[in-house]
Amino acid sequence: MYYFFRGVSLIHTKGLKRFVLVPLSINLLLFSFAFYFLLQQVNAMVAAVQQYLPGWLHWLEYLLIPLGVMTLVIGLAYTFTMIANFIAAPFNGLLSEKVEAHLTGKTLPNVSFAAFMHDVPRMLGREWQKFIYALPRAIILFVLFLFLPVVGPILWFLFTSWLIAIQYCDYPYDNHKIPFHTMRQQLRSQPGNSFAFGITVNIGCMIPLFNLFVMPIAVCGATAMWVDKLAEKNDPALTAPGAKAYNKLEKYC
């Protein structure tokens, strides 16, 4: 959970703010359009329901509209976030790269616009890999969510938290061209860190307005967790100065 709040502080860091701006703008635009469109659908559905209600029950409008808006907010927390992550993937990868350079103290070579565009298909392909991994599991878990009153929702929440951990922790892995299955194995080897991070981001996605900022926060936090706890598994040279000593101290404590 520490790394989510670490991400909150990193998005305010001088030199990183301009790389936060693009995914944040994509988040804001997509959410605004989706929310406006779906709100119109809610109003239309409420009006259709009222046609079949007697006049003395028309007061239900004041109950149905807030419930519809709450449903939209929770529903968009998942569907809209998935779409936004796909569109913003190249910019999230760039943000992760800059955060890693900031934390490790390394100077990155200047990357041309042509080189950035050359990497875009690879980044979008990685997002497709995540989608293919998630879809069959999501179908099964969603069926359990519908038919198991208590256990189903708990399993669904844990599953979406795991997917969120994969989504955001994958950016630094992809930047270093580490295979998708290797990334999953390493996250599974640290279930406490992975689930705590995913659960915290998941809760953040459900908070109205704050969820607009969750994407860049989660990218920054996941990259910080990569630098401190995951990079050394792949290449000791990738670890930030002092991170190794920090990890030993943490184990001792």
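Above: the structure in question.
Residues numbered from 1 in each chain as written. Predicted model: local features only at pLDDT ≥ 70, side-chain atom pairs only at ≥ 80, totals over all residues. Heavy atoms only, no water.

### A word on the overall build of the chain
Phase 1: For the chain, the helix and strand inventory stands at nine helices and zero strands.
Phase 2: Order of helices (α) and strands (β) in the chain, N terminus to C terminus: α-α-α-α-α-α-α-α-α.
Phase 3: Nonlocal contacts in the chain, meaning residues at least 24 apart in sequence, comprise 78% of its contacts between residues at least 6 apart. (Helix = DSSP H or I, 4+ residues; strand = E, 2+ residues; numbered from the N terminus. Contact = heavy atoms within 4.5 Å.)

### Considering unusual backbone geometry
Phase 1: Here Lys177, not a glycine, exhibits a phi torsion of approximately 55 degrees, which is positive.
Phase 2: Here Lys177 is to be found in the loop between α5 (151-175) and α6 (180-188).

### As for the pattern of salt bridges
Phase 1: A complete count under the given rule lists six salt bridges for this structure.
Phase 2: As a salt-bridge pair, Asp170 and Arg126 come within 2.7 Å of each other at their nearest N and O atoms. Taken together, the residues span a long stretch of sequence, with Asp170 in helix α5 and Arg126 in helix α4 (residues 113-147) at a distance of 44 residues.
Phase 3: Given the relative accessible area of 1%, Asp170 is considered buried.
Phase 4: A salt bridge links Asp170 to Lys130, with the nearest nitrogen and oxygen atoms 3.3 Å apart. Taken together, the residues Asp170 in helix α5 and Lys130 in helix α4 connect sequence positions 40 residues apart. You'll find Asp170 and Lys130 in the same group, each marked buried.
Phase 5: By sharing partners, the salt bridges in this structure join Arg122, Arg126, Glu127, Lys130, Asp170 and Asp174 into a single network. (Salt bridge = Lys/Arg side-chain N within 4 Å of Asp/Glu carboxyl O. Buried < 20%, exposed > 50% of the residue type's maximum accessible area, 1.4 Å probe, protein only.)

### Here's the deal with helix α7 (residues 191-205)
Phase 1: The end-to-end C-alpha distance of α7 is 21 Å, a good match for the 21 Å that 15 residues give at a rise of 1.5 Å each.
Phase 2: Residues Ser194, Phe197, Gly198, Thr200, Val201, Asn202, Gly204 and Cys205 constitute the buried set of α7. (Expected span 1.5 Å × (residues − 1).)

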